[in-house]
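Close look at the chain arrangement
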Amino acid sequence: MSLTPTDSTLGSPLSASSNTGNTTRASSGRSASKQTQHPPATNPAPALHSGVATFTHLTHKLEEYLTPSELKKVKEAYRFSDEMHLGQMRKSGEPYISHPLAVAEICADWKLDAQAMMAALLHDVMEDQGVRKEELIERFGAQVASLVDGLSKLDKIEFQSQIEAQAENFRKMLLAMARDVRVILVKLADRLHNMRTLGSMPPDKKRRISRETMEVYVPIAHRLGLNNIYRELQELSFSHLYPLRHRTLLKAVKAARGNRREVVTKILESVTSTLIAAGIPAQVDGREKTLFGIYRKMRNKHLSFSQVLDVYGFRVVVDSFANCYVALGTLHSLFKPMPGKFKDYIAIPKLNGYQSLHTTLIGPYGTPVEFQIRTQDMHRVAESGVAAHWLYKDDEGSLTDLQQRTHAWLQSLLDIQKQTGDSAEFLEHVKVDLFPDSVYVFTPKSKIIALPRGATALDFAYSIHTDIGDQTTSVVINHEPAPLRTELHNGDIVEIITSPSSRPSPNWLGYVRTGKARSAIRHRLRTVNLAESQALGKRLLTNALNTLGLEPDLPSAIIERLLNESSAKTIDELYADIGIGTRMAPLVARHIMGMTDGGGAIPQLDVEGHVMPSKPDPVVITGNEGSTVQLAACCLPIPGDKLIGHLKHDQALIVHVEDCETAKRHIEKEPDRWIEVTWAGELNRRFECRITILAHNQKGTLARIAAEIGEADAHIVSVSMDDDGDPAMKHLRFTIQVEDRVHLARTMRGIRSIDSVTRILRERS
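Notes on the structure in this doc start here. (Residues numbered from 1 in each chain as written. Predicted model: local features only at pLDDT ≥ 70, side-chain atom pairs only at ≥ 80, totals over all residues. Heavy atoms only, no water.)

**Focus on the overall build of the protein chain**
Note the following rule: Strands are runs of DSSP state E lasting at least 2 residues, helices are runs of H or I lasting at least 4, and numbering of each runs from the N terminus. Under the scheme applied here, a residue whose accessible area is under 20% of the maximum for its type counts as buried, over 50% as exposed, and between as partly exposed, the area being computed with a 1.4 Å probe on protein chains only. We call two residues in contact when some of their heavy atoms are within 4.5 Å. Surface exposure here means Shrake-Rupley accessible area, sampled with a 1.4 Å probe, where a residue is shielded only by the protein chains that are shown.
Summing up its helical and strand segments, the protein chain has 29 helices and 22 strands in all. Per-residue burial over the protein chain gives 52% buried out of 765 residues. The contacts in the protein chain between residues at least 6 apart in sequence include a share of 71% that link residues at least 24 apart. Carbon together with sulfur atoms contributes 51% to the accessible area of the protein chain, which is approximately 35200 Å² in total.

If you want it as structure tokens, here you go:
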């Protein structure tokens, strides 16, 4: 998943820092452990290793806020953990106990309570040392044991695949988090220390762990408002996923830092003197973007490094809510604002509780300058999110709204779990809701509802209440009737029309966006409409079997084998899965045909009465089937390609291009599991494909190629560059999104017209 929150593009502080009014001068080099006023966390541009933690150092931190009796319990947990991990070493060669200690230190920076600190020290004893939950309950109490249990993986359970095991682990962790948010805080601290010490791992494991961190833990940290952790996890993941790009950007940023110092100082002096003249007490800090923020902006907006670094960022922390807007007006009188670049996250906070005013102004020398304006309370929440509940217990009144938002989201996890069939489906729904981009719409009574970008009117109905969604019949958007599939935009006023007799349709799954809506619809179809779903599924499977010339009345041996190779427990459950769209009838039918070796097929005769070889119709796909149909990563099929499909044993279909080398190698091993596949007539989405370009190493070539791709209305997903040793030539690899082969050909023709391009081809494997 790709994350672009507006508030995360500002990272580590520049050397210049200024204050006005009566505030204390900020120290940009202060260590996290010595901070007492600002939320302690992590340097957004972190070093890639961490020193060994000691219990003495941890004790000094805990003595600041725990009582002697609580500290005594934490020491008992440390002694037990030390005893359990005795003799166990980390890959780096350090004693294993250094890891729980480091995790506990991060939690101590948030001032988590004694139970959470004990869980941090004990978080691996169940998983690594086989300590039973009952023993932890007896020694440390039920709550500590419950926290540790929520942090432990499910290694003792047999899973059919690594993906299923990972999904079940995340499901367990997220549900434990829904019951107690301390679980995820300790888990994020655990992941943060693992990422800081990832250097001793083999490269493939580094990439796997970093990708998992970027896809799951980074968005969770952002969703909970833990922006310091969010930024450091992003930076560390980026450094391990793309080490060469990370080193190149780091070198370029260091080189450019000296050139920028004069501009930063000039802006700080202007802002400082203007705010003093206006009588506004404020702390002003110059900030520079994180390396990942620079990389993402270069990639997404096709900008050069110099263009991204030409934008300067500053944060203004004022003393009151009213002064946020006064400071905004003062800055607008100092520099001219850029139209369309103002966002008020104070009036409408982000889903994670983040509040600030964002504005972009034209500064000295015509350079864009981004400002974030917030109060000290807003700054605490912006940096520490839900952890601010422990950091600032005397200030809980200002965090009530954040706590309510977090509670509502955690409660939605429990709702999704109740309505979800398996772990992979649960994780799929949660990942959708972790997507950070949001649209804000209004109910007829002017209540603001935040939804993921791309959400439809039906998602809005389910966000109000599951019963409202189930009974929806029509929708009115901005006082005009509209289809239920209508995508919502910022500022829309949405009114839902319901009827007690209305019920969800399987078609609704095709255009809902949120995990809550999708899981609720499937749950309703599975339970309340179970008989209808089973009947529909049976009818669809019968038609698919008839098409293949197979008898719809299946022998008991085939049914038993079919159920053993799927997650369905009964044939009726399999019918229901087909009826609600989680399985495709043609794929199940092909699976059955493979079991019968073609037996039962109705013979077809030619005009002379000879038996013709039976050839079933190809399976028709749209590419929107979800996990049921997957486009192979090795060849990335697009509409217009001739296709062939591999039926996996779990009845999912992997679709390859017909001449894919990977497919050819596997067809020889399992020829009976390969079927013909074809594209549906009308497709309303784009598909990824890879192209390789050989070009002369000339100034502006990459920009011209990106411009041609944009001119052809294709989207760039990623870019990489290979150096073959010839300084005059470069291999450029693009992953782009196109509509079909015709669209790809048009895009490639445009690129081929560039003088410096000598060769272009589509990668198939």
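**Some points on the sheet that holds strand 9 (residues 472-477)**
The criterion, for reference: Two strands make a pair as long as DSSP finds a minimum of two bridges between them. Only the contacting stretch of a helix is used when fitting its axis, a line to C-alpha atoms as for every element, and angles between N-to-C directions run 0 to 180 degrees.
Spatial ordering of the open sheet is given by 10-9-11, a layout of 3 strands whose pairing is antiparallel. Of all strands in the sheet, those with a lone pairing partner are strand 10 (480-482) and strand 11 (494-498), marking the two edges. Strand-to-strand twist in this sheet, taken as the mean axis angle between neighbours without regard to direction, amounts to 35°. Alignment of strand 9 against strand 10, held across 3 bridges, turns out to be antiparallel. Counterpart to Ile477 in the pairing with strand 10 is Glu480.

**Notes on the packing of helix 20 (residues 457-464) against helix 22 (residues 515-526)**
Let me state the cut-off plainly: For this classification, under 35 degrees means roughly parallel, over 145 means roughly antiparallel, 65 to 115 means roughly perpendicular, and everything else is oblique. Polar here means any residue other than Ala, Val, Leu, Ile, Met, Phe, Trp, Tyr, Cys and Pro, which are nonpolar, and Asp, Glu, Lys and Arg, which are charged; Gly is therefore polar.
At a minimum axis distance of 9 Å, the contact between helix 20 and helix 22 shows a crossing angle of 80°. The orientation of helix 20 with respect to helix 22, classified from their angle, is roughly perpendicular. Residues Leu458, Asp459, Tyr462 and Ser463 of helix 20 pack against Lys516, Ala517, Ala520 and Ile521 of helix 22. Looking at the contact of helix 20 with helix 22 residue by residue, the classes come out as 5 nonpolar, 1 polar and 2 charged.

**Concerning the state of the cysteines**
Rule in force here: A pair of sulfur atoms, both from cysteines and within 2.5 Å, is called a disulfide here.
All chains considered together, the criterion is met by 0 disulfides. In this model Cys635 remains outside any disulfide bridge; the closest cysteine sulfur is found in Cys660, 3.8 Å from its own.

**Section: the sheet that holds strand 21 (residues 729-738)**
In a beta sheet, neighbouring strands are held together by backbone hydrogen bonds and run either parallel or antiparallel to one another. The strand order across the open sheet formed by 4 strands is 20-21-19-22, and the pairing between neighbours is antiparallel. Edge positions in the open sheet fall to strand 20 (715-722) and strand 22 (757-763), since each of these has one partner strand only. With direction set aside, neighbouring strand axes in the sheet form an average angle of 20°. In the packing of helix 29 (residues 741-752) onto the sheet, contacts are made with strand 19 (687-696), strand 21 and strand 22, and the angle to strand 22 comes to roughly 160°.

**Considerations on the packing of aromatic side chains**
What counts here: Each Phe, Tyr or Trp ring, with Trp reduced to its six-membered ring, pairs with another whose centre is within 6.5 Å; inter-plane angles below 30 degrees give stacked pairs, above 60 give edge-to-face pairs, and intermediate values give tilted ones.
Taken as a whole and assessed by the stated rule, the structure comprises 10 aromatic pairs. Judged by centre distance (5.7 Å) and plane angle (65°), the rings of Phe238 and Phe292 are edge-to-face. Here Phe238, found in helix 11 (residues 227-241), pairs with Phe292, found in helix 13 (residues 291-301); they are 54 residues apart in sequence, far enough to count as distant. As far as burial versus exposure is concerned, Phe238 and Phe292 are alike and both buried. Centre to centre, the rings of Phe292 and Tyr295 are 6.3 Å apart; their planes meet at 45°, and the pair counts as tilted. Residue Phe292 and its partner Tyr295 are both found in helix 13; the two are separated by 3 residues, about one turn of the helix. The burial state of Phe292 is the same as that of Tyr295; both residues are buried. Taken together, the ring pairs in this structure connect Phe238, Tyr242, Phe292 and Tyr295 into an aromatic cluster.

**A look at the environment of Leu530**
Within the secondary structure layout, Leu530 lies in helix 23 (residues 530-547). Leu530 sits 42 residues away from Asp572 along the chain, and the two C-alpha atoms are 9.4 Å apart.

**Let's talk about the pattern of salt bridges**
Rules: The rule for a salt bridge is simple: a side-chain nitrogen of Lys or Arg has to be within 4 Å of a carboxyl oxygen of Asp or Glu.
Applying the stated criterion across every chain yields a total of 16 salt bridges. With a shortest N-O distance of 3.4 Å, Glu105 and Lys61 are connected by a salt bridge. Of the two residues, Glu105 sits in helix 3 (residues 98-109) while Lys61 sits in helix 1 (residues 55-62), which places them 44 residues apart along the sequence. An identical accessibility class is assigned to Glu105 and Lys61; each is buried. The partner of Glu232 in a salt bridge is Arg196, with the nearest N and O atoms 2.9 Å apart. Residue Glu232 is found in helix 11, and its partner Arg196 is found in helix 9 (residues 182-196); the two are separated by 36 residues along the sequence. Like Arg196, Glu232 is buried. Connected via shared salt-bridge partners are Lys61, Glu105 and Asp109.

**Examining the nonpolar core**
Note on soluble globular proteins: their nonpolar side chains tend to be buried together. Rules: Among buried residues, the Ala, Val, Leu, Ile, Met, Phe, Trp, Tyr and Cys ones that are joined through side-chain atoms within 4.5 Å form a nonpolar core.
Judged by nonpolar contacts, the single largest core of 69 residues is most densely connected at Leu58, Met117, Leu122 and Leu136. Setting aside anything within four residues of it in sequence, one finds Met117 in contact with Leu58, Leu62, Tyr65, Val74, Ala104, Cys107, Ala108 and Leu112. In terms of nonpolar packing, the next biggest core, distinct from the first, is built from 33 residues, Ile621, Phe687, Ala695 and Ile736 among them.

**As for the pairing of strand 19**
In terms of burial, strand 19 is a largely internal element, 7 of the 10 residues being buried. Across 10 bridges, strand 19 lies against strand 21 in antiparallel orientation. Of the residues in strand 21, the one forming a bridge with Ile691 is Phe734. Alignment of strand 19 against strand 22, held across 6 bridges, turns out to be antiparallel. Counted as the bridge partner of Arg690 is Glu763 from strand 22.

**A word on the environment of Lys538**
Counting through the fold element by element, Lys538 comes out in helix 23. Between the C-alpha atoms of Lys538 and Asp572, which are 34 residues apart in sequence, the distance is 8.2 Å.

**Digging into the packing of helix 24 (residues 556-564) against helix 26 (residues 585-596)**
Two numbers describe a pair of packed helices, the interaxial angle and the distance between the axes. Short version of the rule: By convention, the crossing between two helices is left-handed when the near helix turns anticlockwise from the far helix through less than a right angle, and right-handed when the turn is clockwise.
Running from N to C, helix 24 and helix 26 point in directions that differ by 120°, and their axes come no closer than 11 Å. As judged from the angle between their axes, helix 24 and helix 26 are oblique. As for how helix 24 packs across helix 26, the hand of that crossing is right-handed. Between helix 24, through Ile558, Arg561 and Leu562, and helix 26, the contact on the second element is made entirely by Val588, His591, Ile592, Met595 and Thr596. Along the lines of polarity and charge, the residues of the contact of helix 24 with helix 26 split into 5 nonpolar, 2 polar and 1 charged.

**What about the side chain of Thr456?**
Within the secondary structure layout, Thr456 lies in the loop between strand 8 (448-452) and helix 20. Those residues in contact with Thr456 that sit more than four places away from it in its chain are Leu484, Arg485, Thr486, Glu487, Leu488, Tyr511 and Val512.

**Thoughts on the side chain of His85**
Residue placement: His85 occurs in the loop between helix 2 (68-84) and helix 3. If sequence neighbours within four positions are ignored, His85 has contacts with Tyr96, Pro100, Asp124, Val125, Asp128 and Gln129.

**Some points on the environment of Pro364**
Note on placement: Pro364 falls in the loop between strand 5 (357-362) and strand 6 (368-375). Along the primary structure Pro364 and Val264 are separated by 100 residues, whereas in three dimensions their C-alpha atoms are 9.8 Å apart. With near-sequence residues (within four places) excluded, Pro364 lies in contact with Lys266, Ile267 and Phe335.

**Remarks on unusual backbone geometry**
Its identity is not glycine, yet Asn478 carries a phi of approximately 55°, on the positive side. Along the polypeptide, Asn478 turns up in the loop between strand 9 and strand 10. For Asn478, a relative accessible area of 35% gives the class partly exposed. Its identity is not glycine, yet Asp713 carries a phi of approximately 65°, on the positive side. Relative to the assigned elements, Asp713 resides in the loop between helix 28 (701-711) and strand 20.

**Here we look at helix 10 (residues 203-223)**
Here is the rule we go by: Expected helix span is taken as 1.5 Å per residue step, with the number of steps being one fewer than the number of residues. One axis fitted to the seven residues ending at a residue, another fitted to the seven starting there: the angle between these axes is the bend at that residue.
Between its terminal C-alpha atoms helix 10 stretches 29 Å, which fits the 30 Å expected from 21 residues at 1.5 Å a residue. Helix geometry: helix 10 is bent most strongly at Met214, by close to 40°. Trailing helix 10 by a residue or two, Gly225 shows a phi angle of about 80°, which is positive.

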